[in-house]
Amino acid sequence: MIICGAGAAGLMAALVLKRKTHNNVSILILEHKDKPGKKLLATGNGRCNFANDCIDEKSFRGEHPEFGYNVVEKFDKKAMFDLFYDEGVLTTSINGYYYPRSLQAQTVLNMFLKNDKNIDKCIHCNENVTDISKKGSSFRIKTDKGEYEAAYVVMACGGKAFSVHGSDGSGYDLCMKLGHHITRLRPSLIGLKCNGLDFKTCQGVRAKGRLTLKCNNKKVISEYGEIQFAEYGLSGIPVFQISRYASFCLADKHKTEIVIDLASEYEYEQVEHIMWNLVHKKKKKLPEVLNAFVPVKLAMAILKKENINPDTAKADRNIIQTLAGNLKALNVNVIADMGFEKAQVTAGGVDTNDVKNDTLESKINSNFYITGELLDVDGNCGGYNLHFAFASAFLAASDICRKVTSKNDNKSGQNTDRKYKNTKQTGKGIQRRNRSHY
């Protein structure tokens, strides 16, 4: 069998196939980057966050978000941790976010590559898949270096996000050639470029608050957490959570805004009252009054936004009301997302209506499996996307093992290493090419 992609899903599929067949299976993994697992090493800021305590249908997005939840329920975190433990990887929780005990993504990658199953020897790096076609009951896979035939194919190419680590979107074209529908693709879990505030003044600031995304003045989604103010606009986990919706809104050329509540534990009247007392009873200056709620740099950016001179402005009721309004509803315009190159995951993908929820097998092409980020499933920030990649690969590989066992097909379970010669007549004579069967 052939696995397209040596990322999280591809490596998990290979591991499960090797485990369940007792290492008695012929696998070829085609990877177009120079090394396997590049994106895996970057997850969780290099610490590899692969699961979360809080998980439900709201943890996943897409046309059918329940699809993602149903997949991870079938390979839940306990099943994942048990598999990891069997392979020598311990896990740890930090505020409900799960990582390898070493807090190094390399530990997880080593689990796949440095074991007695010789998965590392199954990987062909720097080899691009250019075409996949169905030929009877098998598949013909063409690459820029050769041609292969396989009884089973697992697509684990990733999406379009963070292409420097291997996800360039080529997997979508390959799936389309076999009749699958691709939903709209947009970057997700990404920073947003904004205006309406002098972000250079407050870049580097981190502040707790509630973000509300509005599309054409209608509320879309709201998230709370630590907001990061960058030179270009907004970042941080709550921004990432709303970013896929903002990206679709921008793509449709709708008015896209974010309203930030920087004092969400207070009502507006309470904020105004506190500020008034700080000015008139404690004799605080306006930057100090705002600093009671937000960092100084952000306070100065708010004053600049309202053209208020912090040294000369008279802190009357109107000014206090204006600043209180900014603390409770700071409005900024979203003008762009940061693009697929900066995104952690792709929103959209292969329509999940084309795929069986319990096995990840294509409903269009039997023995063709689609996993991970290729599917129209994107999770929240917090380990959900990696969990889905592992779970979808586990289910796909398990189904292949079930088929192989039920058919008692020794040819699919042994390394037959058969070679077929394909001849093609050309103007200069006969051109020969080796084709391997997996």
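Residues numbered from 1 in each chain as written. Predicted model: local features only at pLDDT ≥ 70, side-chain atom pairs only at ≥ 80, totals over all residues. Heavy atoms only, no water.

Participant: For this particular structure, what's the right way to read the sheet that holds strand β3 (residues 51–52)?
Facilitator: One open sheet accounts for three strands, arranged β3-β6-β5; its pairing is antiparallel. The sheet is open, and its two borders are formed by β3 and β5 (91–94), each paired with just one other strand. Of the pairings in the sheet, the one linking β3 to strand β6 (residues 97–100) comprises two bridges and is antiparallel in character. By the bridge assignment for β6, A51 is matched with Y98. (Pairing = 2+ DSSP bridges. Helix = DSSP H or I, 4+ residues; strand = E, 2+ residues; numbered from the N terminus.)

Participant: How should I be thinking about the packing of aromatic side chains in this particular structure?
Facilitator: How two aromatic rings sit relative to each other is set out by the distance from centre to centre and by the angle between their planes. Across all of its chains, the model carries twelve aromatic pairs by this definition. Residues F81 and Y98 carry aromatic rings whose centres are separated by 5.0 Å and whose planes lie at 45° to one another, so their mutual orientation is tilted. Note that F81 is positioned in helix α4 (residues 77–86) and Y98 in strand β6, a separation of 17 residues in sequence. By the burial criterion, F81 is buried, and Y98 matches it. Each ring, one from Y266 and one from F293, has its centre 5.9 Å from the other, and the planes form 80°; the classification is edge-to-face. With Y266 in the loop between β17 (256–261) and α9 (268–280) and F293 in the loop between α10 (286–291) and α11 (296–305), the pair connects residues that are 27 residues apart, well separated along the chain. Judged by its relative accessible area of 18%, F293 is buried. Linked through ring pairs, F50, F81, F84, Y98, F112 and F390 together constitute an aromatic cluster. (Phe/Tyr/Trp six-rings, centres within 6.5 Å; stacked < 30°, edge-to-face > 60°. Buried < 20%, exposed > 50% of the residue type's maximum accessible area, 1.4 Å probe, protein only.)

Participant: What exactly am I supposed to notice about the pattern of salt bridges here?
Facilitator: Side chains bearing opposite charge may pair, as long as their charged atoms lie close to each other. Under the defined criterion, the tally for this structure stands at 23 salt bridges. The salt bridge involving K177 is made with D131; its shortest N-O contact spans 3.4 Å. Pair noted here: K177 is in helix α6 (residues 170–177) and D131 is in strand β8 (residues 129–135), with a separation of 46 residues, a long-range link. Judged by its relative accessible area of 48%, K177 is partly exposed. Of the charged contacts in the structure, one is a salt bridge between E272 and R317, with a shortest N-O distance of 3.2 Å. Pair noted here: E272 is in helix α9 and R317 is in helix α12 (residues 317–328), with a separation of 45 residues, a long-range link. Among the residues examined, E272 registers a relative accessible area of 12% and is labelled buried. For R317, a relative accessible area of 36% gives the class partly exposed. (Salt bridge = Lys/Arg side-chain N within 4 Å of Asp/Glu carboxyl O.)

Participant: Got a minute to help me understand the nonpolar core in this structure?
Facilitator: The nonpolar side chains of a soluble globular protein tend to be buried, and buried together. Membership of the largest hydrophobic core comes to 85 residues, with the highest contact counts inside it found for I3, F50, F112, I132, M155 and F390. The element contributing the most residues to this core is helix α13 (residues 384–407), with 14 residues. Each residue touching F50, except ones within four places of it in the same chain, is listed here: M80, F81, F84, T91, Y98, Y99, P100, V108, G383, L386, H387 and F390. With 45 residues, the next largest nonpolar core counts I258, F293, L298 and L327 among its residues. (Core = buried A, V, L, I, M, F, W, Y, C linked by side-chain atoms within 4.5 Å. Contact = heavy atoms within 4.5 Å.)

Participant: Got a minute to help me understand the packing of α9 against α12 in this structure?
Facilitator: For any two helices packed against each other, one specifies the inter-axial angle together with the distance between the axes. Packing of α9 against α12 leaves a shortest axis separation of 9 Å and a crossing angle of 130°. On the basis of their axis angle, the class for α9 and α12 is oblique. Classified by chirality, the crossing of α12 by α9 is right-handed. Contacts between α9 and α12 involve Y268, V271, E272, M275, W276 and V279 from the first element and R317, I320, Q321, L323, A324, G325, L327 and K328 from the second. Tallied by class, residues from the contact of α9 with α12 come to nine nonpolar, two polar and three charged. (Axes fitted to C-alpha atoms, helices over the stretch in contact; angles between N-to-C directions. Parallel < 35°, antiparallel > 145°, perpendicular 65-115°, else oblique. Left-handed = near helix turned anticlockwise from the far one by under 90°. Nonpolar A, V, L, I, M, F, W, Y, C, P; charged D, E, K, R; others polar.)

Participant: Can you help me understand the sheet that holds strand β20 (residues 368–370) in this one?
Facilitator: Each strand in a sheet pairs with another by means of backbone hydrogen bonds, the pair being arranged parallel or else antiparallel. Pairing within the open sheet is parallel, and its five strands lie in the order β7-β2-β1-β11-β20. Edge strands, defined here as strands with exactly one partner in the open sheet, are β7 (123–124) and β20.

Participant: Looking at this model, I keep getting lost on a negative patch on the surface. Mind explaining?
Facilitator: A cluster of acidic side chains, namely D56, E57, E66, E73 and D76, defines a negative patch on the protein surface. Its place among the elements puts D56 in the loop between β3 and β4 (60–61). Here D56 falls in the partly exposed class, since its relative accessible area comes to 36%. (Patch = residues over 30% accessible without salt bridge, like charges linked within 9 Å, V, L, I, M, F, W, Y side chains within 5 Å. Areas by Shrake-Rupley, 256 points an atom, 1.4 Å probe, with all protein chains shown as cover. Lys, Arg positive; Asp, Glu negative; His and termini not counted. Charge placed at Lys NZ, Arg CZ, Asp CG, Glu CD.)

Participant: Looking at this structure, I do not really get the state of the cysteines. What am I missing?
Facilitator: Disulfides are covalent bonds that connect the sulfur atoms of two cysteines. Under the criterion given, the structure shown has one disulfide. The residue that forms a disulfide with C215 is C249, at a sulfur-sulfur distance of 2.1 Å. One quick way to see it: the torsion about the S-S bond of C215 and C249 is about 95°, and its sign makes the bridge right-handed. Taken as a pair, C215 in strand β14 (residues 206–215) and C249 in helix α8 (residues 237–251) lie far apart in primary sequence, 34 residues in all. Here the two residues C215 and C249 agree in accessibility, since each one is buried. For the unlinked cysteine C125, the closest cysteine sulfur is that of C122, found at 12 Å. Given a relative accessible area of 23%, C125 falls into the partly exposed group. (Disulfide = S-S within 2.5 Å.)

Spatial relationships are all this shows, so hold off on functional conclusions.
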